[in-house]
Amino acid sequence: MSSQPIEVAVCVVGAGPVGATLACRLGAAGLPVAVVDRAALPPMEHPDFDGRAYAIASGSRALLEQAGVWAELPLPSCPIDDIHVSDGKPGRPASKLFLHFDHREIGMPFGWMTEARSLRVALNATLHRHPTVQVIAPTEAQVSRTPQGAVIRTGDGRTIHARLVVAAEGRDSPLRRQAGIPVTRLRYGQSGLVCAVAHEWPHHNQALEHFLPGGPFAQLPMAATEGAPHLSAIVWSERDALVDRLIALPDAAFAREVQRRLGQHLGEVRPIGRRWMYRLSALHAHRYADTRLALIGDAAHGIHPIAGQGLNLGFRDVMSLSDLLIDAHARGEDVGNDLLLRRYQAARRPANLAMLAATDLLDRLFSNDNPAIRLARDLGIAGVNRMPRLRRAFMQAAMGSLDAAPPGLARAADQPYLPSE
Ligand SMILES: Cc1cc2nc3c(=O)[nH]c(=O)nc-3n(C[C@H](O)[C@H](O)[C@H](O)COP(=O)(O)OP(=O)(O)OC[C@H]3O[C@@H](n4cnc5c(N)ncnc54)[C@H](O)[C@@H]3O)c2cc1C
């Protein structure tokens, strides 16, 4: 392997959807970038359908377009035109008090359901297409940082010199740990079950968020695939012990359990692809930066999937950090400077914390069977339904066009991020 060090402005460690999108966005703007992942990132692959999909908000779609990724998606995405929110119990009709969001009120879809494999293929292809992006994978990275710069040594013998290292390795970020950045974790005692179901009748691009005592159950419309003209993703939160049983059920029994929660409006359902299980917890890093280091995506925060916003928050980190980096690079400034990192933390941490608090509150409010709380939340759902301005505010938040950080949480950009400062 070459002994000549690779000189870049930014080295992104972790090429999940968030880290890879940052590298593509910086590459599209001409910044020299290295991206390192312990998994392989082949430029061409055709993975099989695996049942996982993301709800991409409109702000996130705009980022993927800017980064050159959206045009590379090999499979169609499905717009989410309507969202129906209801409350109920498994096997019983939903409460008559409901909330309905209609895209015609805001003039565009709430988001686009994109298969995870489609996004992966597009990201890998784009990473390899940008001439200023160097893809180094599969390998592990050893990082040392000083106020002067960062040195990254990869398992395959390469040395990278960077002005800034970006930790994008997901929830268990080794770089966050190495920097001694503490995290707060909230455990839910719930697991997320993710799968896809084919159904008899069309979904008309409508999503359902059905609140049940064990946790929220969401059906999200997907584009047709071969053999499944009517297809939806299921993201279903339940108590850990029940999910352990559900994941092991034969297909017919599993389909019955889905049907008891979904109802009959889509006809008979049939599970296709794999079932995935995630133990749910929320996580928040106490700082988003350290000397020559920035945290993004799940390395900085993880939230309950109740609102399908986890990846979208990561994409907003990318928008904020990439704008700062592209601007600093254009001015000939050092892209790893302290002020830039403080500005990034001030832009993202309060907003992410507000979303964590909101999703946590929603889950606690809806995942219980107390009759008084049930009545209050049903009245709340119906009340929001009758208030067009409030309904529109919810819709804009779902689309990723609002960062609803309460003013009290906002921090000034000149607040230090280093514990010693
Ligand atoms: C049940 C469930 C449903 C969800 N549904 C949605 C949804 O509909 N919409 C939405 O917006 N979000 C959703 N999310 C959240 C979303 O999945 C995450 O927020 C998103 O995957 C985070 O992306 P990331 O790139 O930050 O991290 P990850 O996806 O975790 O990627 C981390 C990357 O880093 C690499 N890596 C790890 N360690 C190292 C190392 N030491 N060296 C080098 N590389 C390393 C890994 O190989 C990987 O490529 C959901 C989450 C759950 C649990």
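Along each chain, the written sequence defines residue order, and numbers are assigned to residues from 1. Reporting of local features is limited, given that this is a predicted model, to residues whose pLDDT is at least 70; pairs of side-chain atoms are given and counted only at 80 or more, and all residues count toward the totals for whole chains, interfaces and linings.

**Digging into the overall build of the protein chain**
Numbering of helices and strands runs from the N terminus; a helix is a DSSP stretch of H or I covering at least four residues, while a strand is a stretch of E covering at least two. Within the protein chain, the regular secondary structure consists of 10 helices and 19 strands. Residues are called buried when their C-beta atom has 20 or more other C-beta atoms within 10 Å, exposed when it has 12 or fewer, and partly exposed otherwise; all C-beta atoms are positioned from the backbone. Within the protein chain, buried positions represent 46% of all 421 residues. Here contacts are defined at the residue level, using C-beta atoms placed from the backbone and a cut-off of 7 Å between them. A separation of at least 24 residues holds for 77% of the contacts in the protein chain among residues at least 6 apart in sequence.

**Re the pairing of strand β16 (residues 269-285)**
One ladder, built from 13 bridges, connects strand β12 (residues 183-199) with β16; its direction is antiparallel. Its bridge partner being in β16, G192 is matched across the sheet by Y278. Where β16 lies against strand β19 (residues 301-302), 2 bridges are found, and the strand directions are antiparallel. Directly across from L283, in β19, lies its bridge partner G302. Two strands qualify as a pair provided that DSSP identifies no fewer than 2 bridges between them.

**Concerning the environment of L123**
As for its placement among the helices and strands, L123 is situated in helix α3 (residues 116-129). Overall, L123 belongs to the buried group, with 24 C-beta atoms counted inside 10 Å. Counting along the chain gives 54 residues from L123 to V69, while the straight-line C-alpha distance between them is 5.9 Å. The residues touching L123, leaving out its near neighbours within four places in the chain, are P17, A20, T21, C24 and V69.

**With respect to the site of the ligand**
Neighbouring the ligand are 32 residues, the closest being G16, G170, G192, G297 and G310. Put simply, the parts of the chain that give the shell around the ligand at least two residues each are α1 (17-28), β3 (53-57), β12 and α7 (310-330). No other element matches α7, which puts 4 residues into the shell around the ligand. Looking at the shell around the ligand residue by residue, the classes come out as 16 nonpolar, 11 polar and 5 charged. Whether a residue is near a molecule or strand depends on its C-beta atom, generated from backbone atoms, being within 6 Å of that molecule or strand. Residues were grouped as follows: Ala, Val, Leu, Ile, Met, Phe, Trp, Tyr, Cys and Pro as nonpolar; Asp, Glu, Lys and Arg as charged; and all remaining residues, including Gly, as polar.

**Thoughts on the pairing of strand β2 (residues 33-36)**
Taking every second residue as pointing to the same face, both faces of β2 are buried, with V33 and V35 on one and A34 and V36 on the other. Here strand β1 (residues 6-13) runs beside β2; their pairing, made up of 4 bridges, is parallel. Of the residues in β2, the one forming a bridge with V10 is V33. Handedness rule for crossovers: strands pointing away from the viewer, path from the first strand over the helix to the second running clockwise, crossover right-handed. In this view, the connection linking β1 to its parallel neighbour β2 by way of α1 has right-handed handedness. Here β2 runs beside strand β8 (residues 133-136); their pairing, made up of 4 bridges, is parallel. Along β8, the bridge assignment pairs V35 with V135.

**A word on the confidence of the model for the protein chain**
Summary of the metric used: pLDDT quantifies the predictor's per-residue confidence within the range 0 to 100. On average, residues of the protein chain score 88 in pLDDT, and 85% of them are at 70 or above. Low confidence marks residues 401-416, where pLDDT is under 50. Its contacts with residues over four positions away, or in another chain, come to 28 contacts.

**Looking at the environment of F101**
Along the polypeptide, F101 turns up in strand β6 (residues 99-102). Exposure remark for F101: the 23 C-beta atoms within 10 Å place this residue in the buried category. Along the backbone, F101 and Q206 are 105 residues apart, and their C-alpha atoms lie at a distance of 9.6 Å.

**What about the sheet that holds strand β4 (residues 78-80)?**
The strand order across the open sheet formed by 3 strands is β3-β7-β4, and the pairing between neighbours is antiparallel. Sheet topology places β3 and β4 at the edges, where each strand pairs with a single neighbour. Neighbour-to-neighbour, the strand axes of this sheet turn through a mean angle of 30°, independent of strand direction. With 3 bridges connecting them, β4 and strand β7 (residues 111-115) associate as antiparallel partners. Across the sheet, the residue bridging to C78 is M113, located in β7. An axis is simply a line fitted to the C-alpha atoms; with a helix, the fit covers only the stretch in contact. Between two such axes, the angle follows the N-to-C directions and lies from 0 to 180 degrees. Packed on one face of the sheet, helix α2 (residues 58-66) meets β3 and β7 and runs near 95° to β3.

**Comments concerning the nonpolar core**
In a soluble, globular protein the nonpolar side chains are often hidden away together inside. As used throughout, a nonpolar core is a set of buried Ala, Val, Leu, Ile, Met, Phe, Trp, Tyr and Cys residues joined through C-beta atoms within 7 Å of each other. V10, C11, V35 and V165 are the most contacted members of the largest nonpolar core, which has 108 residues in total. L313, A351, M355 and L356 belong to the second-largest nonpolar core, a separate cluster that totals 6 residues.

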